[in-house]
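These are the residues of each chain, in order.
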Amino acid sequence: MAAAILRRARSRRRRPPASPRRAHAGPAPPRARPAPSDPEGPAPRPTRSCRCRKWRRGSGLAWSMAGTRGVGREAAAAGSLPGKRPPEPEEPSLLGAPGLSPGPGSDPGLSDSEESVFSGLEDSGSDGSEADTAAEEEDGASSDEQHSGTEKPPGQQAGTPSPRTEVASVRLEDEYVEDSSDEEDIRNTVGNVPLEWYDDFPHVGYDLDGRRIYKPLRTPDELDQFLDKMDNPDYWRTVRDRMTGHSVQLTDEQVALVRRLQRGQFGDVSFNPYEPAVDFFSGDLMIHPVTNRPADKRSFIPSLVEKEKVSRMVHAIKMGWIQPRRPRDATPSFYDLWAHEDPGAVLGRHKMHVPAPKLALPGHAESYNPPPEYLPGEEERMACERREPEERRLNFLPRRFPSLRAVPAYGRFIQERFERCLDLYLCPRQRKMRVNVDPEDLIPRLPRPRDLQPFPTCQALVYRGHGDLVRCLSVSPGGQWLASGSDDGSVRLWEVASARCVRTVPVGGVVKSVAWNPRPTVCLVAVAVEDAVLLLNPALGDRLVVGSTDQLLSAFTPPAEPAAQPAHWLEASEEERRVGLRLRICHGKPVTQATWHGRGDYMAVVLATPGRSQVLIHQLSRRRSQSPFRRGHGQVQRVAFHPVRPFLLVASQRSVRLYHLLRQELTKKLTPNCKWVSSLAVHPAGDNVICGSYDSKLVWFDLDLSTRPYRVLRHHKKALRAVAFHPRYPLFASGSDDGSVIVCHGMVYNDLLQNPLLVPVKVLKGHSLTKDLGVLDVAFHPTQPWVFSAGADGTLRLFT
């Protein structure tokens, strides 16, 4: 307990700055212990009280607090402290400096602990635990010297105080009673020195005694701040002082001051900003003046300084340096903009004058006695009242009056006059030069159709034999044979030159699509029937080609572990092989289209089902099927392979997407601006695409130009069912439900700066409408400028 009290007393003390006399590297000199023979004892080291911060220095200066009564109290208090070691017999000790002797005012009643408070260690410049340790070691050294029995040197006199010591008689109990401070007052005295200068030093400044103010040993991190926030209930009112580096807890008054400042109030609580203002000078006339000091003498004497200024200004006016103010002109600031304009100029006022348009003269409807046909009936009156004012043909209803004097005042007169004024000054008027243009010059100059030959012009042959409408057709690569599919459940093979039906293959369902393999060395036809694709070998033409086709199909070796595929490949039975069927690809969902790749090994199939499996790609040589898309983009209508590049074009209802099959990414998205795309065809060069729609539009796309349509043709009156390009000639055709086939000339130039030339050249008619359906499919001959058409009337027609 005594040690705690002494440490507290030592921390409450203000230590003096380091004295240059004690700034030596050797050990501290021993202190003088009061001897038993000396009643007063040696004088303690100079120190200062916690309350009185003035140093008492001098050779014979002693505080007036020393006395017999005070010494007795201090000795009694020191002896009554618990845990205090008993006073030892005091012996004379040798001080560190020669000539040091106890003064007459020394207190012999100070205990060892009390003397350590007033020891010479308080004069050192060190602080912290090092100072306390040094003080304890010094106390031990002094006690050892006392027991050793050393004596004072003979040259030291008893009545002369040492220059390093002063007499300080302090009562420990009174000091604690008078001390009202709770903690040590630490103030940084660096002034306006930036604190950034102390970033590389262990201290942050100096206190009032000149000692260093050290930074905290460890900066609290976020974890310490969180723990302090959870444990300390006063964390919200604790701030960090940047001048000392310590945390300061705000008092209630300081918190209230901060809150008032945050609310925009005054810092002083007692200040009232809304006090009534007290005028120093009132508006009432008082008897006594505020000041009755007589006027100065200088107010009656002319000023020499002002005289000099006036003389200078007069001289400047004479020399013309200062111009007098001109009187303001009273004329208005506006003027006529064209008053001084040359009337003979080209842009003269009268030549550019545009007169205001005149009001239309009143007609029969505005008459007070209009004819009966201008008077509206009851239904017309109600219909006119239901319409918006902007939608009415007239802004009034015609009425009949018996005489002109019975006509009332017009209610909208002021409003119409106001609108007329707005029209006159707000609506810009411009003189437009009338250009005499020949209407024939407005029509684009297109080449004559006779200069664009050859193209089909007339009907040559009619292929009859189907019992129902013919939905699709396809021409062999050599152009000798023609395959057609109908709703009567059969596929017919025709000879092109003679229109003779060579072979009929019953398939047992509605044929949606027929596609002849484009490879000349393979004789194979793909037929889409219900949920399957049938591969037929019609056995037409060269026998070597027919035999090589069967060998190609029979050379396939199934793998040991078949992989899961979206379609099943089935071999045909013996009876089906006699008819010509070789393979059957079952999908489980209805098939709407089948088309071949240009090399003849891959085939794309469109299924009538929502989802990502609407398009499947089959490989004939490996009998493998795959779904190229992970998700679907609307209902797929048509697909087509690019003739040159590894692209796949997929036409949905509102867009056409171009996919790169090797990179497996979307390359372009074409927007045809149609309600429903029905057909799709790709130019043999691969840079242009045409689309047909059910809203009777034919859209031409230039892939190198834009994703928007290059040209939209509206020649058909009904929905388009099929479009096709000629593989060799610059021709394309479209078939519609109006029963006609329109052949157009479409020249694509090698020069990229020249746009394609699109000219309709011929309208071919011959099919009769059946069930509001006309031409369902068209196809060009591979080598000749001929076009085939399949109609709903059950016939196929050849136009040459």
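Since this is a predicted model, take the numbers as computed values, not measurements.

Participant: Explain the overall build of the chain here, please?
Facilitator: Within the chain, the regular secondary structure consists of 13 helices and 33 strands. Of the contacts formed within the chain by residues at least 6 apart in sequence, a portion of 55% connects residues at least 24 apart. Summing over all exposed atoms, the chain offers an accessible surface of approximately 51300 Å²; the carbon and sulfur share of this is 54%.

Participant: Can you help me understand a nonpolar patch on the surface in this one?
Facilitator: Side chains of Met313, Ile317, Met319, Trp321 and Ile322 sit close together on the surface and give an oily, nonpolar patch of about 560 Å² of accessible area. For Ile322, the location among the structural elements is in the loop between α8 (304–319) and α9 (378–386). Judged by relative accessible area, which is 38%, Ile322 ranks as partly exposed.

Participant: Looking at this model, I keep getting lost on the side chain of Arg260. Mind explaining?
Facilitator: Mapped onto the secondary structure, Arg260 falls in helix α7 (residues 252–262). Despite being buried, Arg260 has no salt bridge partner; Asp268 is the closest side chain of opposite charge, sitting 6.4 Å away. Not counting residues within four places of it along the chain, the set of residues in contact with Arg260 comprises Gln265, Phe266, Gly267 and Val269.

Participant: Whenever I open this one, the pattern of salt bridges confuses me. Can you help?
Facilitator: In a structure, side chains of opposite charge can pair up when their charged atoms sit close to one another. Following the criterion strictly, the structure yields 16 salt bridges and no others. Where Arg237 meets Asp252, a salt bridge forms, and the shortest distance between an N and an O atom there is 2.8 Å. Remark: Asp252 occurs in helix α7 and Arg237 occurs in the loop between α6 (222–231) and β3 (238–240); sequence separation between them is 15 residues. Judged by its relative accessible area of 13%, Arg237 is buried. Salt-bridge contacts for Arg293 lead to Asp296; the nearest nitrogen and oxygen are separated by 3.0 Å. Given a relative accessible area of 61%, Arg293 falls into the exposed group.

Participant: When you look at the sheet that holds strand β27 (residues 720–725) in this model, what are you seeing that I'm missing?
Facilitator: Strand-to-strand pairing in sheets goes through backbone hydrogen bonds, with the strands running parallel or antiparallel. A sheet is described by the order of its strands in space; here four strands give the open sequence β27-β28-β29-β30, paired in antiparallel fashion. The open sheet has two free edges, formed respectively by β27 and β30 (757–765), since each of these has just one partner strand. Strand-to-strand, the axes of this sheet are offset by a mean angle of 20 degrees, without reference to chain direction. As paired strands, strand β29 (residues 740–747) and β30 are joined by eight bridges and run antiparallel to one another. Residue His745 lies in a different strand from β30, and its bridge partner there is Val759.

Participant: Help me out: how do you make sense of the packing of aromatic side chains in this one?
Facilitator: Each pair of aromatic rings is reported with the distance of its centres and the angle of its planes. Counted according to the given criterion, the structure contains nine aromatic pairs. An angle of 55 degrees between the planes, with centres 5.9 Å apart, marks the rings of Phe725 and Phe732 as tilted. Like Phe732, Phe725 is buried. An aromatic cluster is built from Tyr463, Trp494 and Phe788, whose rings are joined through pairwise contacts.

Participant: Sorry, what's going on with the pairing of strand β1 (residues 203–206) here?
Facilitator: The two faces of a sheet get side chains in turn, since along a regular strand they alternate between them. Relative to strand β2 (residues 212–214), β1 is paired through three bridges, and the arrangement is antiparallel. Residue pairing across strands places Tyr206 opposite Arg212, the latter belonging to β2.

Participant: What is the right way to read the pairing of strand β21 (residues 656–660) from this model?
Facilitator: When you tally the buried positions in β21, you get five out of five residues, the bulk of the element. Covered by surrounding structure in β21 are Val656, Leu658 and His660 together with Arg657 and Tyr659, the residues of both alternating faces. Inspection of the sheet shows strand β20 (residues 647–652) paired to β21 by five bridges, in the antiparallel sense. Paired with Phe647 across the bridge in β21 is His660. Once β20 ends, the chain turns through three residues before running back antiparallel as β21. Relative to strand β22 (residues 665–670), β21 runs antiparallel, the two being bridged by five bridges. Note on β22: the bridge partner recorded for Leu658 is Lys668.

Participant: Sorry if this is basic, but what is going on with the confidence of the model for the chain here?
Facilitator: Low pLDDT marks stretches whose predicted atomic positions should not be read closely. Of all residues in the chain, 75% have pLDDT values of 70 or greater, and the mean over the chain is 77. Note on residues 13–173: pLDDT under 50 across the span, and 241 contacts to partners over four residues away in sequence or across chains.

Participant: Even after reading the chapter, I still don't get a negative patch on the surface, so can you show me in this structure?
Facilitator: Side chains of Glu378, Glu379, Glu380 and Glu385 sit close together on the surface and give a patch of like negative charge. In this structure, Glu379 sits in helix α9.

Participant: Mind showing me how you'd approach the nonpolar core here?
Facilitator: One recurring pattern in soluble globular proteins: nonpolar side chains tend to sit buried together. Judged by nonpolar contacts, the single largest core of 20 residues is most densely connected at Leu524, Val533, Leu535, Trp596, Met603 and Leu620. When contributions to this core are tallied by element, the ones reaching two or more residues are β11 (525–529), β12 (532–536), β14 (581–586), β15 (591–596) and β16 (602–607). With residues up to four places along the chain from it excluded, the contact list for Leu620 reads Leu524, Leu535, Leu553, Trp569, Leu583, Trp596, Gly600 and Asp601. Membership of the second largest hydrophobic core comes to 18 residues, among which are Cys472, Val529, Leu534 and Ala572.

Participant: Where do I start with helix α12 (residues 543–554) in this structure?
Facilitator: Structurally, the α-helix is built with 3.6 residues per turn, so residues lying three or four positions apart point the same way. Taking 1.5 Å as the rise per residue, α12 with 12 residues should run 16 Å; its terminal C-alpha atoms sit 17 Å apart, in good agreement. Those residues of α12 that fall on the buried side of the exposure criterion are Val545, Val546, Thr549 and Leu553. Buried residues of α12 fall within an arc of 100 degrees about the axis and therefore sit on the same side. The exposed set on the far side of α12, more than 90 degrees from its buried face, consists of Arg543, Leu544, Gln551 and Ser554. Each element contacted by the buried residues of α12 is listed here: β14.

Participant: How do you make sense of the sheet that holds strand β18 (residues 624–626) when you look at a structure like this?
Facilitator: Pairing is antiparallel across the open sheet formed by four strands, whose spatial order is β15-β16-β17-β18. Whereas interior strands pair on both sides, the edge strands pair on one side only; in this sheet they are β15 and β18. Looking at each pair of strands side by side, their axes are set apart by 20 degrees on average, direction ignored. Where strand β17 (residues 615–619) lies against β18, three bridges are found, and the strand directions are antiparallel. What sits directly across from His618, in β18, is Ser625.

Participant: Explain the environment of Ser736 to me, please; I cannot follow it from the model alone.
Facilitator: Tracing the backbone through its elements, the reader meets Ser736 in strand β28 (residues 731–736). The buried category is assigned to Ser736, whose relative accessible area is 0%. Sequence-wise, Ser736 and Val775 are 39 residues apart; in three dimensions their C-alpha atoms are separated by 5.4 Å. Separated by 3.1 Å, the side chain of Ser736 and the backbone oxygen of Lys718 make a polar contact.

Participant: Explanation requested: the environment of Thr504 in the structure shown.
Facilitator: Mapped onto the secondary structure, Thr504 falls in strand β9 (residues 500–506). A C-alpha to C-alpha distance of 4.5 Å links Thr504 and Arg492, two positions 12 residues apart in sequence. Non-local contacts of Thr504, meaning those with residues more than four positions away in its chain, are made with Ser490, Val491 and Arg492.

Participant: Sorry if this is basic, but what is going on with the environment of Leu698 here?
Facilitator: Within the element layout of this structure, Leu698 appears in strand β25 (residues 698–702). By relative accessible area, which is 4% here, Leu698 ends up buried. If sequence neighbours within four positions are ignored, Leu698 has contacts with Ile690, Cys691, Arg711, Val712, Leu713, Leu720, Val723, Phe732 and Ser734.

Participant: Looking at this structure, how should I read the side chain of His203?
Facilitator: As for its position among the elements, His203 is in strand β1. By relative accessible area, which is 5% here, His203 ends up buried. A polar side-chain atom of His203 sits 3.4 Å from a polar atom in the side chain of Tyr206. Apart from the residues within four sequence positions on either side, His203 is in contact with Tyr198, Arg212, Ile213, Tyr214 and Lys215.

Parameters and conventions
- Residues numbered from 1 in each chain as written.
- Predicted model: local features only at pLDDT ≥ 70, side-chain atom pairs only at ≥ 80, totals over all residues.
- Heavy atoms only, no water.
- Helix = DSSP H or I, 4+ residues; strand = E, 2+ residues; numbered from the N terminus.
- Contact = heavy atoms within 4.5 Å.
- Areas by Shrake-Rupley, 256 points an atom, 1.4 Å probe, with all protein chains shown as cover.
- Patch = residues over 30% accessible without salt bridge, like charges linked within 9 Å, V, L, I, M, F, W, Y side chains within 5 Å.
- Salt bridge = Lys/Arg side-chain N within 4 Å of Asp/Glu carboxyl O.
- Buried < 20%, exposed > 50% of the residue type's maximum accessible area, 1.4 Å probe, protein only.
- Lys, Arg positive; Asp, Glu negative; His and termini not counted.
- Pairing = 2+ DSSP bridges.
- Axes fitted to C-alpha atoms, helices over the stretch in contact; angles between N-to-C directions.
- Phe/Tyr/Trp six-rings, centres within 6.5 Å; stacked < 30°, edge-to-face > 60°.
- pLDDT = per-residue confidence, 0-100.
- Charge placed at Lys NZ, Arg CZ, Asp CG, Glu CD.
- Core = buried A, V, L, I, M, F, W, Y, C linked by side-chain atoms within 4.5 Å.
- Expected span 1.5 Å × (residues − 1).
- Arc of directions from axis to C-beta.
- Polar contact = N/O pair within 3.5 Å; in protein donor to acceptor, adjacent residues only side chain to side chain.

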